[in-house]
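# Breakdown of the fold
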Amino acid sequence: MRRTVTGIALVAATAALLAGCGSGGGDSKGAGAKQDTSQAPSKPAGGQEATREVTFEVRGQGSTQVLWTAGDSKTEQVNLPWTKTTQLTVKGAELKVGSLVSVVPGSVTGSDGQLVPASCVIKVDGKQVADNKDGKSIAGCKYLVK
């Protein structure tokens, strides 16, 4: 039962992340859709952009499923402890409002034998910016990179 509830929570978190990570501009370009480049600038306004190193960590023992987002979203079955480092380029308005990065770990067996959310951490350019309080928050970790 607890595994089912945890699975449902992971699916709900995934759906929320995917729904909240749209283009935000009402753009509905999908696979095969043509992009109108006649008015699209080739570089952000003012040519400003910054590349950040984003590191996701999920701690614990055993294996679990991890959903991580940095520009796009990926789901992986991983062995713990797990670390993923990627580069994220923020540009234009993202430099002010931020670009969402997140990691949602699945469950691991706690010291009492019960399933608990795995512990997660996000670091940007080597500095820790988010954690889930050693698994006490089922929401995972998220941060707006600017």
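Above this text you will find the structure in question.
A brief look at the structure comes next. Residue indices begin from 1 for each chain and proceed along its sequence in written order. Only residues with pLDDT of 70 or above have their local features reported here, since the model is predicted, and side-chain atom pairs are shown and tallied only from 80 upward, although totals for entire chains, interfaces and linings are computed over all residues. By convention in this description, side-chain values take in all heavy atoms of the structure and omit both hydrogens and water.

## Looking at the sheet that holds strand E5 (residues 99-105)
Spatially, the four strands line up as an open sheet ordered E3-E2-E5-E10, and their pairing is antiparallel. In this open sheet, the two strands that pair with only one neighbour each are strand E3 (72-79) and strand E10 (141-145). In this sheet, adjacent strand axes meet at a mean angle of 15° when their direction is disregarded. For two strands to pair, DSSP has to find at least two bridges joining them. Numbering of helices and strands runs from the N terminus; a helix is a DSSP stretch of H or I covering at least four residues, while a strand is a stretch of E covering at least two. As judged from the five bridges shared by E5 and E10, these two strands associate in the antiparallel manner. What sits directly across from serine 99, in E10, is valine 145. A fitted line through C-alpha atoms represents every axis, and for helices the fit uses only the stretch in contact; the resulting angles, taken between N-to-C directions, go from 0 to 180 degrees.

## Brief notes about the environment of lysine 123
Positionally, lysine 123 belongs in strand E8 (residues 119-124). In this description, contact between two residues means that some pair of their heavy atoms is separated by no more than 4.5 Å. When neighbours within four sequence positions are excluded, lysine 123 is seen to be in contact with Glu53, Val54, Thr55, Glu57, Gln128 and Val129. Separated by 3.1 Å, the side chains of lysine 123 and glutamate 57 make a polar contact. Distance and chemistry together define a polar contact, namely a pair of N or O atoms within 3.5 Å, with one atom able to donate a hydrogen and the other to accept it when in protein, and with adjacent residues in sequence counting only for side-chain atoms on both sides.

## Comments concerning the nonpolar core
Side-chain atoms within 4.5 Å are what join buried Ala, Val, Leu, Ile, Met, Phe, Trp, Tyr and Cys residues into a set we call a nonpolar core. Here's how the labels work: a residue is buried when its accessible area is under 20% of the maximum for its type, exposed when over 50%, partly exposed in between, all with a 1.4 Å probe on protein chains only. In terms of nonpolar packing, the biggest core is built from 22 residues, with Phe56, Val58, Trp82, Val101, Val103 and Ile122 touching the most fellow members. When residues of this core are traced back to their parent elements, those giving at least two are strand E1 (49-59), strand E2 (63-70), strand E4 (82-91), E5, E8 and E10. Top element by residues in this core is E1. It accounts for four residues.

## A short note on the pattern of salt bridges
Here, a salt bridge means any side-chain nitrogen of Lys or Arg that lies within 4 Å of a carboxyl oxygen of Asp or Glu. With the rule as written, the count across this model stands at four salt bridges. In this structure, arginine 59 and glutamate 57 form a salt bridge, with 2.9 Å as the shortest nitrogen-oxygen distance. Among the salt bridges present, the one from lysine 123 reaches glutamate 57, with a minimum N-O distance of 3.1 Å. Remark: glutamate 57 occurs in strand E1 and lysine 123 occurs in strand E8; sequence separation between them is 66 residues. For lysine 123, a relative accessible area of 25% puts it in the partly exposed group. For glutamate 57, a relative accessible area of 13% corresponds to the buried category.

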